[in-house]
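Examining the three-dimensional arrangement
Chain residues, written in single-letter form:
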Amino acid sequence: MADEALSAGAVARRLGVAVTTLRTWHQRYGLGPSEHVPGHHRRYTPADLARLEIMRRLTTEGVAPAEAARWARQAPAVLPPDRLALKARTSAVRDGGGTTIPVGRAGPAARGLARAAMRLDSVTIARTIAEALAADGVVATWEGLLRPVLTGIGERHAATAGLIEVEHLMSRCVSVAFATVIRAHPNGGPPRILLSCADEEQHSLPLEALAAALAEAGVSCRMLGARVPLPALVEAVNRTGPAAVVLWSHTRATADPCQLTALLTVPRRPLLVLAAGPGWRADSLPAGVVRPVDLAEALSLALAVRDSLDQSTKG
């Protein structure tokens, strides 16, 4: 019986996975049944089952599916399943994968948040962020807790092509937390700061962090969000006349300096244009554009504009 070839349903029951999962592993990674009798469905041999056991074990422990499949295809000839699984996990950690999210020199709270993210534990994620915001404020929470974990998720994704579900859940929890801060600090004054992502830029969390930090400091802002085409941004500036515009770019691909030049030539030119994010190159910025190095500096510059306007109004 141990050497009998198995159907997809029998293998799924043994592994505790869905038949559709087996089909996906077969189509994407070549981990399918190898025994073929003409006129019948293909069936899984003991060797096929051993490979699938490695695949299930590694993916359960957090190794990206593509990396897990690469190791599973080596079983069972190269190493026994247990030793192969251990070697795969060790290699994944060394290459930026594995079952943990790297957070650099961040403290215990960031490591705990990273573990919760890997578990997709949204309750713990939300509680950890809320406690940090209440104790330390937006800027410190972003720099010391959230950014290290988000950066670590990005590094793991770059190394393994996995953790997309972790990134989406984490981003959602962070967005909700920042929105809660904004609601808790209503400001009746006119919005003086306009926040926008560059054209085709989809990473908006840093701008959401700035919006929350501004709300915490009592400054109203308008948040246009991700992927704002240049004509729409120019129209928003002309219609609202903001004192400052923050344009975020995460990658070089979205950091077109022409967008900044356009902001400097609109009829209702803002007092301050900030090119925020790692996408912008300092040597490509038009004269008159400021590039803050981090969230704290962006907040400081925005507050300086607010204070300048207040002084001119009093005068």
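In this report, the structure presented in the accompanying data block is examined.

1. Here we look at the side chain of T254
- Along the chain, the position of T254 falls in the loop between β3 (244-248) and α12 (257-264).
- A residue is classified by how much of its surface remains accessible, and T254, at 8% relative accessible area, is buried.

2. Some words on the packing of helix α6 (residues 108-118) against helix α8 (residues 138-160)
- At a minimum axis distance of 9 Å, the contact between α6 and α8 shows a crossing angle of 45 degrees. If you check the angle between α6 and α8, you find them oblique. When the axes of α6 and α8 are compared, the crossing they make is right-handed. Between α6 and α8, the contacting residues are A109, A110, L113, A114 and M118 on the first element and G144, L145, L146, V149 and R156 on the second.
- Looking at side-chain class alone, the contact of α6 with α8 contains eight nonpolar, one polar and one charged residues.

3. Quick notes on the pairing of strand β1 (residues 193-197)
- Counted residue by residue, β1 has five buried out of five residues, so it is predominantly covered.
- Alternating residues of β1 divide into I193, L195 and C197 and L194 and S196, and every residue in both groups is buried.
- Bridge analysis of β1 against strand β2 (residues 221-225) gives four bridges, and the strand direction is parallel. Residue pairing for β2: L195 is matched across the bridge by M223.
- With respect to chirality, the unit in which β1 leads through helix α10 (residues 205-216) into the neighbouring parallel β2 is right-handed.

4. Focus: the nonpolar core
- Within the largest apolar cluster, 52 residues are counted, with the highest numbers of intra-cluster contacts made by L146, M170 and F178.
- With eight residues, the single largest contributor to this core is α10.
- Excluding its chain neighbours within four sequence positions, the residues that come into contact with F178 are L133, V138, W142, L146, L205, E208, A209 and A212.
- Formed by 19 residues, the second largest nonpolar core is a distinct cluster that contains A12, L31, L49 and L58.

5. What about the packing of aromatic side chains?
- If you walk through the whole model with that rule in mind, you get one aromatic pair.
- Look at W142 and F178: their rings are 6.2 Å apart centre to centre, the planes differ by 50 degrees, and that puts the pair in the tilted class. Of the two residues, W142 is situated in helix α8 and F178 in helix α9 (residues 164-184); the sequence distance between them amounts to 36 residues. This pair shows no difference in class: W142 is buried, exactly as F178 is.

6. With respect to the pairing of β3
- Counting buried positions along β3 yields five of five residues, so the element is predominantly enclosed.
- Along β3, one buried face is formed by A244, V246 and W248 and the opposite face, lined by V245 and L247, is buried too.
- Note: β1 against β3, five bridges, orientation parallel. Directly across from L194, in β3, lies its bridge partner V245.
- As paired strands, β3 and strand β4 (residues 272-276) are joined by five bridges and run parallel to one another. Each bridged residue has a counterpart across the sheet, and for V245 the counterpart in β4 is V273.
- A crossover connection joins β3 to the parallel β4 through α12; in handedness this β-α-β unit is right-handed.

Rules behind the numbers
- Residues numbered from 1 in each chain as written.
- Predicted model: local features only at pLDDT ≥ 70, side-chain atom pairs only at ≥ 80, totals over all residues.
- Heavy atoms only, no water.
- Helix = DSSP H or I, 4+ residues; strand = E, 2+ residues; numbered from the N terminus.
- Buried < 20%, exposed > 50% of the residue type's maximum accessible area, 1.4 Å probe, protein only.
- Axes fitted to C-alpha atoms, helices over the stretch in contact; angles between N-to-C directions.
- Parallel < 35°, antiparallel > 145°, perpendicular 65-115°, else oblique.
- Left-handed = near helix turned anticlockwise from the far one by under 90°.
- Contact = heavy atoms within 4.5 Å.
- Nonpolar A, V, L, I, M, F, W, Y, C, P; charged D, E, K, R; others polar.
- Pairing = 2+ DSSP bridges.
- Right-handed = clockwise from strand over helix to strand, strands pointing away.
- Core = buried A, V, L, I, M, F, W, Y, C linked by side-chain atoms within 4.5 Å.
- Phe/Tyr/Trp six-rings, centres within 6.5 Å; stacked < 30°, edge-to-face > 60°.

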